[in-house]
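Take a look at the letters that make up each chain.
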Amino acid sequence: MLRPGDWLSRKQEGAPLALLTAWDALSGAWVAAAGVDAVLVGDSLAMVALGHATTLPVTLDEMLHHCRAVGRGVASVIADPAAHPLLICDLPFLSYQCSADEAVAAAGRVLKQSPAAAVKLEGAEPETLVVIDRLVRSGIPVMGHLGLTPQSVHQLGYRRQATDPVAQQRLVTQAEALQSAGCFALVLEHVPDTLAQRLQLQLAVPVIGIGAGPHCDGQVLVTADLLGMTPRQPPFAQPLVNLRPQALEALSRWVTAQRAPTNPAASAAPHC
Ligand code: KIV
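About the thresholds
- Residues numbered from 1 in each chain as written.
- Predicted model: local features only at pLDDT ≥ 70, side-chain atom pairs only at ≥ 80, totals over all residues.
- Heavy atoms only, no water.
- Near = heavy atom within 4 Å.
- Polar contact = N/O pair within 3.5 Å; in protein donor to acceptor, adjacent residues only side chain to side chain.
- Areas by Shrake-Rupley, 256 points an atom, 1.4 Å probe, with all protein chains shown as cover.
- Salt bridge = Lys/Arg side-chain N within 4 Å of Asp/Glu carboxyl O.
- Helix = DSSP H or I, 4+ residues; strand = E, 2+ residues; numbered from the N terminus.
- Buried < 20%, exposed > 50% of the residue type's maximum accessible area, 1.4 Å probe, protein only.
- Domains from an automatic or database assignment.
- Expected span 1.5 Å × (residues − 1).
- Contact = heavy atoms within 4.5 Å.

Points about the site of the ligand
In step 1: With respect to spatial proximity, the complete set of residues near the ligand consists of Thr21, Leu40, Gly42, Asp43, Ser44, Asp90, Lys120, His145, Glu189, Ile210, Val220 and Val222.
In step 2: Residue Asp43 places a side-chain N or O atom 3.1 Å away from an oxygen atom belonging to the ligand.
In step 3: A distance of 2.8 Å separates an oxygen atom of the ligand from a polar side-chain atom of Lys120.
In step 4: Within the complex, 96% of the 260 Å² of free accessible area of the ligand lies under protein.

Structural data, given as structure tokens:
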């Protein structure tokens, strides 16, 4: 397993990191079998797996439930726990914003009650930095997340972030603060490529991009987007396959076959 403490040297080696999300045992098994460095049980599962319009409604209990399922999926394809990819679980909205004590309790539950060995949280406001410091000093590895932060959708929307020099300087300052607070890596979502490249050069910790261009230390994608499973794709995630239309076609072919006159059940007399 690539432990959070090893991520710095991985960056120094110049070996790009590959991360994907998972939300259940099936997706966990798939991404583990593909050989990812880390599996993110992202709160995007609120939309991908639970049908919510945003990530806000998902609860800590639900995240734990999904994280355990992902862990079982990973274990089903990789027998040796030492060879498992690092499992990172998102702290859901309002599980860490209210107080540092609540954040430690929430992240502590993640590490105690699921196979995750690290948490991710969004933003770098002064209160968030206090929370990260407490978590790290409690022995809980933390991944940061800047740029498009979906838990702030009602303030930011889903548009590209940090498009002007003032916003870019603010984001650079925030990224440095996250590194100083002890984050072992930083997710940078939907920002200009040049900004991601600047941060990749400037920060010691790995910068993991999603819609942030190629000049990052690694990339993360929502697996359902990469596989074309969702009705709507974010503009920065080009699917490598289109599973949704293929699945719909196979399922409707099966339904049609059940109704065909050639199906023995179609002409069978009722038993009553
Ligand atoms: O929730 C999630 O899947 C994420 C990724 C988009 C990085 O945070």
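Focus on the pattern of salt bridges
In step 1: Applying the stated rule across the entire model yields eight salt bridges.
In step 2: A salt bridge links Asp37 to Arg10; the shortest N-O distance between them is 3.1 Å. Residue Asp37 is located in the loop between helix H2 (25-34) and strand E2 (38-41), and its partner Arg10 is located in helix H1 (residues 7-13); the two are separated by 27 residues in the primary sequence. Of the two residues examined, Asp37 and Arg10, each falls in the buried class.
In step 3: For the salt bridge of Arg134 with Asp101, the shortest nitrogen-to-oxygen distance reads 3.0 Å. Of this pair, Arg134 sits in helix H6 (residues 126-137) while Asp101 sits in helix H5 (residues 100-113); the two residues are 33 residues apart in sequence, bridging distant segments of the chain.
In step 4: We classify Asp101 as exposed; its relative accessible area is 53%.

Some remarks on the domain arrangement of the protein
In step 1: Structurally, the protein comprises domain 1 (4-241) and domain 2 (243-272).
In step 2: Its C-alpha centre places domain 1 at a distance of 42 Å from the equivalent point of domain 2.

Observations regarding helix H8 (residues 165-181)
In step 1: Between its terminal C-alpha atoms H8 stretches 24 Å, which fits the 24 Å expected from 17 residues at 1.5 Å a residue.
In step 2: Among the residues making up H8, those that are buried are Gln168, Leu171, Val172, Gln174, Ala175, Leu178 and Ala181.
In step 3: As for H8, its buried residues are in contact with H6, strand E5 (142-147), strand E6 (185-189) and helix H9 (193-202).
In step 4: The distance from a side-chain oxygen at the start of H8 to the backbone nitrogen of Val166 is 3.0 Å, and the residue carrying that oxygen is Asp164.
In step 5: Gly182, located one to two residues past H8, shows a positive phi value of around 115°.

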